[in-house]
Amino acid sequence: MTRAVIQGAAVATVDARGTEYAEGHVVVDGGRITAVGAGAAPVGPGDRVVDGRGCLATPGLVNTHHHLYQWATRGYAQQSDLFHWLVELYPVWAGLDEDTTRAAATAGLLRLARTGCTTAADHHYVFPAAGGDLLGATVDAAGAVGIRLHAARGSMDRGVSSGGLPPDSLVETTDGALAATQAAIERWHDPAPDAFTRVAVAPCSPFSVSAELMSGAAELARAAGVRLHTHLAETVGEEVQCLAEYGCTPVEYAERTGWIGPDVWLAHGVHLSDRAIEVLAAGGTGVAHCPTSNARLGAGTARVADLLAAGVAVGLGADGAASNEDGGLGPELRQAAYQARLRDGADALDVRQALWLGTMGGALCLGRQDELGSLEPGKLADVALWRLDGLAHAGIADPVAALVLGSLPPLRLLLAGGRTVVEDDVATRVDEHGAARALAAAGTRLAVAAGLLGPSGGSALRHIR
């Protein structure tokens, strides 16, 4: 790879000291950052020099929770809460196959990249029996787009006949889910520090997974040396169900089944008591905060300020595009700041804390804080260069405030491992227009298979209301 030198940009390193430069440089060589500092960097023959004037350089954003397959089902169940939303969408997702998943994942990863994301954790837990290699399709899509993927191999073994939400046709047996998860680790997990693909063990949630699968998954993950991920404490209804079924809260249930620890990060964590926050902090357990999705489904607002004050690692998640039709990660910076302030006041979360959530907080959740999340020599060259020289950001003297509080800026450059993923606000490795056409076709196929559209595409989706 050509050595690249970004010159003249404002730089927010997001390192432990919060180091920033009003006008500085970032040097990338061999997939790693080799220098960051004030002023200009020396340039050698053959170096790629990037003019960063009018731009802000930050670490590439880290998405800690997503469901890429959901890009094929945006706009459904528009006024439903989580449980009713799932009941409406599960029958549609029953039609997932490799082609649909690849199209959805490609579109979703492109949107993430176009909003500054260089690492994405995707929680895929729907595996129709005749669907084919869905996880493989997602891994392929990430390779094509060029950003890092943490493939969280999900699972469900509680269908409606066992008191769960998903149709029985969408769940696996407990042993089958564990075996498939082990196979995914053996096939795709790369433990190398510069890995572009890693695998996590990720049963879906307490209302679609048995206690046996939760415990077995934790044991499997620890034996394999990989991380654990699941949904937890997203809604009030989940706590009511946990109390009724298990006689405990969701966090107490997580404790019982081995799901508290420094190798665990939990999606949402909206409804947490003071005691629950203490448990997460003491166990080193992270939380993926998904502000837009939680608002879309009316789930509530996570106690982000309290979690941070307690020392919990909190990252940002876009969540699935069926509950966040934007699907980007950059907009979650502002959503996180605004929702924290709506809950706890105007000083609850400042702009630099919001940027930390989207970078170093996410790296901590994924166990990659030594490799990602800040611009420091020796770290992987995942860099976002945001243009702040246009009308939308003119006059905002603080570049981090411009990024977080203003409209999302266009990208001058996005690097993942030193390789260009986006340049001048255009993806460089995948044709965006072709991806959009493939996604639209995939969405139509799912709707037709679910009986929501006629073969010719006629009639309105009854779920859209």
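Residues numbered from 1 in each chain as written. Predicted model: local features only at pLDDT ≥ 70, side-chain atom pairs only at ≥ 80, totals over all residues. Heavy atoms only, no water.

**Description of the environment of A218**
Position of A218 relative to the elements: it lies in helix α5 (residues 211–224). Judged by relative accessible area, which is 3%, A218 ranks as buried. In this structure the C-alpha to C-alpha distance between A218 and L333, which are 115 residues apart in sequence, comes to 31 Å. Among residues more than four places away in sequence, those in contact with A218 are L228, T257, G258 and W259. (Helix = DSSP H or I, 4+ residues; strand = E, 2+ residues; numbered from the N terminus. Buried < 20%, exposed > 50% of the residue type's maximum accessible area, 1.4 Å probe, protein only. Contact = heavy atoms within 4.5 Å.)

**Examining the side chain of R303**
Considering the arrangement of structural elements, one finds R303 in the loop between α9 (291–296) and α10 (304–310). For R303, a relative accessible area of 14% translates into the label buried. At a separation of 2.9 Å, a polar atom in the side chain of R303 contacts the side chain of D306. Leaving out residues up to four positions away in the same chain, R303 has contacts with V270, L272, S273, D274, I277 and R343. (Polar contact = N/O pair within 3.5 Å; in protein donor to acceptor, adjacent residues only side chain to side chain.)

**Points about the packing of helix α4 (residues 174–188) against α5**
Think of two packed helices as two axes; the pair is described by the angle between the axes and how far apart they sit. Contact geometry of α4 with α5 gives a least axis separation of 10 Å together with a crossing angle of 20 degrees. When the axes of α4 and α5 are compared, the pair comes out roughly parallel. Crossing of α4 against α5: the hand is right-handed. Mapping the contact onto sequence places T174, A177, L178, T181, Q182 and I185 in α4 and E212, L213, G216, A217, L220 and A224 in α5. For the contact of α4 with α5, the class distribution of residues is 7 nonpolar, 4 polar and 1 charged. (Axes fitted to C-alpha atoms, helices over the stretch in contact; angles between N-to-C directions. Parallel < 35°, antiparallel > 145°, perpendicular 65-115°, else oblique. Left-handed = near helix turned anticlockwise from the far one by under 90°. Nonpolar A, V, L, I, M, F, W, Y, C, P; charged D, E, K, R; others polar.)

**Here we look at the packing of aromatic side chains**
In this description, a pair of aromatic rings is defined by centroid distance and the angle of the planes. Summed over the entire model, instances satisfying the criterion amount to 6 aromatic pairs. Between F83 and F207, the ring centres sit 4.8 Å apart and the planes meet at 55 degrees, which makes this aromatic pair tilted. With F83 in helix α1 (residues 82–93) and F207 in the loop between β9 (197–203) and α5, the pair connects residues that are 124 residues apart, well separated along the chain. Taking 5.6 Å as the distance between ring centres and 90 degrees as the angle between the ring planes, the aromatic pair formed by Y90 and W93 counts as edge-to-face. (Phe/Tyr/Trp six-rings, centres within 6.5 Å; stacked < 30°, edge-to-face > 60°.)

**Notes on the layout of surface pockets**
Its boundaries defined by the atoms lining it, the largest pocket holds a volume of some 220 Å³. If you trace the largest pocket, you find 17 residues lining it, with F127, G132, R153, E172 and A180 closest to the centre. Only α3 (134–145) and α4 provide two or more residues apiece to the lining of the largest pocket. The element best represented in the lining of the largest pocket is α4, accounting for 5 residues. (1 Å grid on protein atoms, 1.4 Å probe; cavity = no way out; pocket = protein on both sides within 12 Å on 5 of 7 lines; lining within 4 Å. Points joined across faces, edges and corners; volume = space filled by probe spheres on them.)

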